[in-house]
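Listed below, chain by chain, are the residues.
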Amino acid sequence: MSFDEIIDRKNNFSAKYDELEQKFGRNDLIPLWIADMDFKTAAPIIEAIKERADQGIFGYTSRPDSYYQSVCDWFEKYHDWRPEPQLMLHSLGVVVSLSLLIQNFTCPGDKIIIQTPVYYPFFDVIRKNGRILVENPLLKVNGHYEMDYADFEKQARNGAKYFLLCSPHNPVGRVWTKEELSRIGEICLKYGVRIIADEIHADIVFPGHKHVSIASISEALQHNTITCIAPSKTFNLAGLQASLVIFPNMEERNKFDNILGVLDIKRNSCFNLVAVEAAYRHGREWLEDVLKYIEGNFKYINEFCKKNIPEIKPNYPEGTYLVLLDCQGLGLDKKALHDFMVNKAKLALDDGFWFSNVLAQHMRLNAACPRQILVKALQQLADAIHVLRTQNDKKI
Ligand SMILES: Cc1ncc(COP(=O)(O)O)c(C=O)c1O
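Residues numbered from 1 in each chain as written. Predicted model: local features only at pLDDT ≥ 70, side-chain atom pairs only at ≥ 80, totals over all residues. Heavy atoms only, no water.

- Going by the annotation in an unreviewed UniProt entry, the name recorded for the protein is cysteine-S-conjugate beta-lyase, with Pectinatus cerevisiiphilus given as the source organism.
- Taken from UniProt, the Cofactor (unreviewed entry) comment for the protein reads in full: "pyridoxal 5'-phosphate".
- The UniProt entry for the protein carries the following comment under Sequence similarities (unreviewed entry): "Belongs to the class-II pyridoxal-phosphate-dependent aminotransferase family. MalY/PatB cystathionine beta-lyase subfamily." (UniProt positions renumbered as here; feature names shortened; annotations may be inferred.)

Rendered as structure tokens:
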């Protein structure tokens, strides 16, 4: 399969394309924002869905043990951790799970720690559920984001009840090492802070880095952690609404199962059922190929910016396909930067300030697209910067 193929998503009912006007106020933008891929998923997944469609009966779905087994096999093979299938539940999405966990496993007024800047729904699932958000800002050391353990310990000592971990981290692109996770995990254990680990990007990890599930590090951390995983980023299946939650014990697993039952969102859908199992059983080769392609995109972005637009400094993600562009060199505030990207460069990107004000002069670019789209997008950016430079020269 060639990832260079540009697939017209105009009839794909794609949020990334069809919501441009609503989100950015115009339609003529290259969409590099919401985190899905512009690539077709792996052939075995498409085949499994077609076969299921050909059956023609789409009644209530029963999820067989083999569904959970396929996830456990994948985790054992690629992440050196075999979760217990009976401690797992299917859920519609990771954000759904995070919100339900916070609503039902914490109490109003509980303090919950997040490491900012971070995936912006983390703010909403805490605040909009009436819990207190506690920020443990990441430190930028020599251009590399690190955890601030001293500050984390202070917040843990101050009575935080839960820690919402983003691992690998969106948007800073870190794949936390075992040492880092052990250290933060030890603090949680010392102060009785429970962990909810969002590991949706677990499989989007580049050479030289390895995803470690925090629950796999020790028995104590396994008992202290609820892990949310999904094949949606890995195989570009976000529209199928499939994710899983791994609990530390049957009691919590049954409590969550009951919540899903009350909402009547336990069973369906019949398409994600076959897609997920096919993905975890037969999708590895496709994943390895797509990761190589995306890495090529990272290289292209970095080389292009260095050579042509040094005002923009992209990172080189260890994990996730989301590139953080440091745009401080443009000297624009967050509103002007947004306006510049949309109305001058004609790009739809995630604004850095959505993740935290510390990223006010940053943008996040989704690099999971054919290279030619990036070539065009970066050229548009370079042209817009050229005009900006000329205007600035005239002012001087
Ligand atoms: C860290 C993180 N969690 C969750 C999600 C969304 O997951 P879902 O679509 O399963 O709710 C994303 C999507 O970008 C993400 O980056």
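1. Let's talk about the domain arrangement of the protein
Where interface size is quoted, it is often the accessible area lost as the parts come together.
Okay, so step 1: The domain boundaries assigned to the protein delineate domain 1 (15–42 + 283–394) and domain 2 (58–281).
Okay, so step 2: A separation of 27 Å is found between the C-alpha centroids of domain 1 and domain 2.
Okay, so step 3: In this complex, domain 1 contributes 30 residues to the contact, which on the side of domain 2 involves 34 residues.
Okay, so step 4: On the domain 1 side of the contact with domain 2, Glu318, Thr320 and Phe355 bury the most area, a combined 28% of that side's loss.
Okay, so step 5: At the boundary of domain 1 and domain 2, one finds one salt bridge.
Okay, so step 6: Of the charged contacts, one joins Arg174 and Glu318 as a salt bridge, the two residues approaching to 2.8 Å between their closest N and O atoms.
Okay, so step 7: Linking domain 1 to domain 2 there are 16 residue pairs in polar contact (both at pLDDT 80 or more).
Okay, so step 8: Looking at the side of domain 1 that touches domain 2, the elements with two or more residues in it are α13 (284–308), β12 (322–326) and β15 (362–366).
Okay, so step 9: The class makeup of the residues in the side of domain 1 that touches domain 2 is 16 nonpolar, seven polar and seven charged. (Domains from an automatic or database assignment. Contact = heavy atoms within 4.5 Å. Buried area = accessible area lost by both parts, 1.4 Å probe. Salt bridge = Lys/Arg side-chain N within 4 Å of Asp/Glu carboxyl O. Polar contact = N/O pair within 3.5 Å; in protein donor to acceptor, adjacent residues only side chain to side chain. Helix = DSSP H or I, 4+ residues; strand = E, 2+ residues; numbered from the N terminus. Nonpolar A, V, L, I, M, F, W, Y, C, P; charged D, E, K, R; others polar.)

2. Quick word on the state of the cysteines
Okay, so step 1: Counted according to the given criterion, the structure contains zero disulfides.
Okay, so step 2: With no disulfide of its own, Cys72 has Cys228 as its nearest cysteine by sulfur position, at a separation of 15 Å.
Okay, so step 3: The class of Cys72 is buried, set by a relative accessible area of 0%.
Okay, so step 4: Considering cysteine sulfurs only, Cys188 is the nearest to Cys107, which forms no disulfide, with 18 Å between them.
Okay, so step 5: Its relative accessible area of 45% is what places Cys107 among the partly exposed residues. (Disulfide = S-S within 2.5 Å. Buried < 20%, exposed > 50% of the residue type's maximum accessible area, 1.4 Å probe, protein only.)

3. Focus: the layout of surface pockets
A water-sized probe rolled over the atoms picks out the places where empty space is left.
Okay, so step 1: Taken as a whole, the largest pocket spans an internal volume of roughly 1200 Å³.
Okay, so step 2: Taken together, 45 residues line the largest pocket, and the ones lying closest to its centre are Ala35, Asp36, Leu237, Ala238 and Gly239.
Okay, so step 3: Mapped by element, the contributors of at least two residues to the lining of the largest pocket are α3 (43–55), α5 (94–105) and α10 (232–235).
Okay, so step 4: No other element matches α3, which puts four residues into the lining of the largest pocket.
Okay, so step 5: Each residue belonging to the lining of the largest pocket can be placed in one class, and the counts come to 24 nonpolar, eleven polar and ten charged.
Okay, so step 6: Three or more residues apiece are contributed to the lining of the largest pocket by two domains, here domain 1 (15–42 + 283–394) and domain 2 (58–281).
Okay, so step 7: Looking at the second largest pocket, its volume works out to about 310 Å³.
Okay, so step 8: A per-element tally of the lining of the second largest pocket places helix α15 (residues 371–395) first, with three residues.
Okay, so step 9: By residue class, the composition of the lining of the second largest pocket is eight nonpolar, two polar and five charged. (1 Å grid on protein atoms, 1.4 Å probe; cavity = no way out; pocket = protein on both sides within 12 Å on 5 of 7 lines; lining within 4 Å. Points joined across faces, edges and corners; volume = space filled by probe spheres on them.)

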